[in-house]
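Observations on the model geometry
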Amino acid sequence: MNPHSVLHVAPLLVPPPAPPVVVRAAGRDDAPALHRLSRVFARTGELRERTVAEYARDAADFLLAESAPGRIEGCAGLRIHAAPEGRDPGRTAVVYNFCVAAASQGRGVGTALLTTLLAEAAARSAATVFAATSGDAALFLRHGFTVADVSAAWPAGLAPRPGSRVLSRAL
């Protein structure tokens, strides 16, 4: 190399940082946004189809992850169930309708939602948290979930979708 030549280096392109995510409780007014976000996953069979009215009815179950007011990046429901008669007296929590917008995946949105859901389940005296997923379950496994024996503990009356992996975590 000539000592007088100039070395040209291409600039390093760094993606802009992801906006901070705020997790908050959903309200009835969030039902249309919950439906819009979740509908994409329902169409692929990853979530159960729910109507706007169902999201409004169950709004108290949901947490939303927002990158800005009104910009929902993810959502998840948490339902608490009493332990079946004759079993451990601890309450059971079920995470459902867990989804993160495709453009927001891998940016910490799912982690923020799951961390908040686990704290909420503990605050509501749940002994065990269950989740069913048709995905790879990596997020849940990273947060201490393990593959569950559905027949032993899944809350009665709830049926995970065929082909789903059922996971649980003790709190």
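See the structure shown above.
Here's a quick rundown of the structure. None of these values were measured; they are calculated from a predicted model.

1. Focus on unusual backbone geometry
- For Asn97, which is not glycine, the phi torsion reads 55° and is therefore positive.
- Within the secondary structure layout, Asn97 lies in strand 4 (residues 91-100).
- On the basis of relative accessible area, Asn97 is assigned to the buried category, the value being 4%.
- Residue Ser125 is not a glycine yet carries a positive backbone phi of 65°.

2. Points about the sheet that holds strand 2 (residues 62-68)
- Spatial ordering of the open sheet is given by 1-2-3-4-5-7-6, a layout of 7 strands whose pairing is mixed. One side of each edge strand has no neighbouring strand; the edge strands of this open sheet are strand 1 (22-25) and strand 6 (146-147).
- In this sheet, strand 3 (residues 71-81) lies alongside strand 2 in antiparallel orientation, the contact comprising 6 bridges. Looking across to strand 3, one finds that Leu64 is bridged to Cys75.
- In the packing of helix 1 (residues 31-43) onto the sheet, the strands contacted are strand 2, strand 3 and strand 4, and the crossing angle to strand 3 comes to about 90°.
- Against the sheet, helix 3 (residues 109-123) makes contact with strand 1, strand 2, strand 3, strand 4, strand 5 (126-133) and strand 7 (165-170), and its axis sits at roughly 25° relative to strand 3, the strand it touches most.

3. Structural notes on the pairing of strand 5
- Pairing geometry for strand 4 and strand 5, over 5 bridges, is parallel. Bridge pairing links Thr92 to Thr128 in strand 5.
- Across 6 bridges, the pairing between strand 5 and strand 7 is antiparallel. Bridge assignment links Phe130 to a residue of strand 7, and that residue is Ser168.

4. As for the nonpolar core
- In terms of nonpolar packing, the biggest core is built from 23 residues, with Phe98 and Phe145 touching the most fellow members.
- Ranked by the residues each element gives to this core, the list is headed by helix 3, at 6 residues.
- Those residues in contact with Phe98 that lie beyond four places of it in its chain are Leu47, Cys75, Ala76, Gly110, Leu113, Leu114, Leu117, Leu139 and Phe140.
- Within the second largest apolar cluster, 16 residues are counted, among which are Leu34, Leu37, Phe62 and Cys99.

What counts and how
- Residues numbered from 1 in each chain as written.
- Predicted model: local features only at pLDDT ≥ 70, side-chain atom pairs only at ≥ 80, totals over all residues.
- Heavy atoms only, no water.
- Helix = DSSP H or I, 4+ residues; strand = E, 2+ residues; numbered from the N terminus.
- Buried < 20%, exposed > 50% of the residue type's maximum accessible area, 1.4 Å probe, protein only.
- Pairing = 2+ DSSP bridges.
- Contact = heavy atoms within 4.5 Å.
- Axes fitted to C-alpha atoms, helices over the stretch in contact; angles between N-to-C directions.
- Core = buried A, V, L, I, M, F, W, Y, C linked by side-chain atoms within 4.5 Å.

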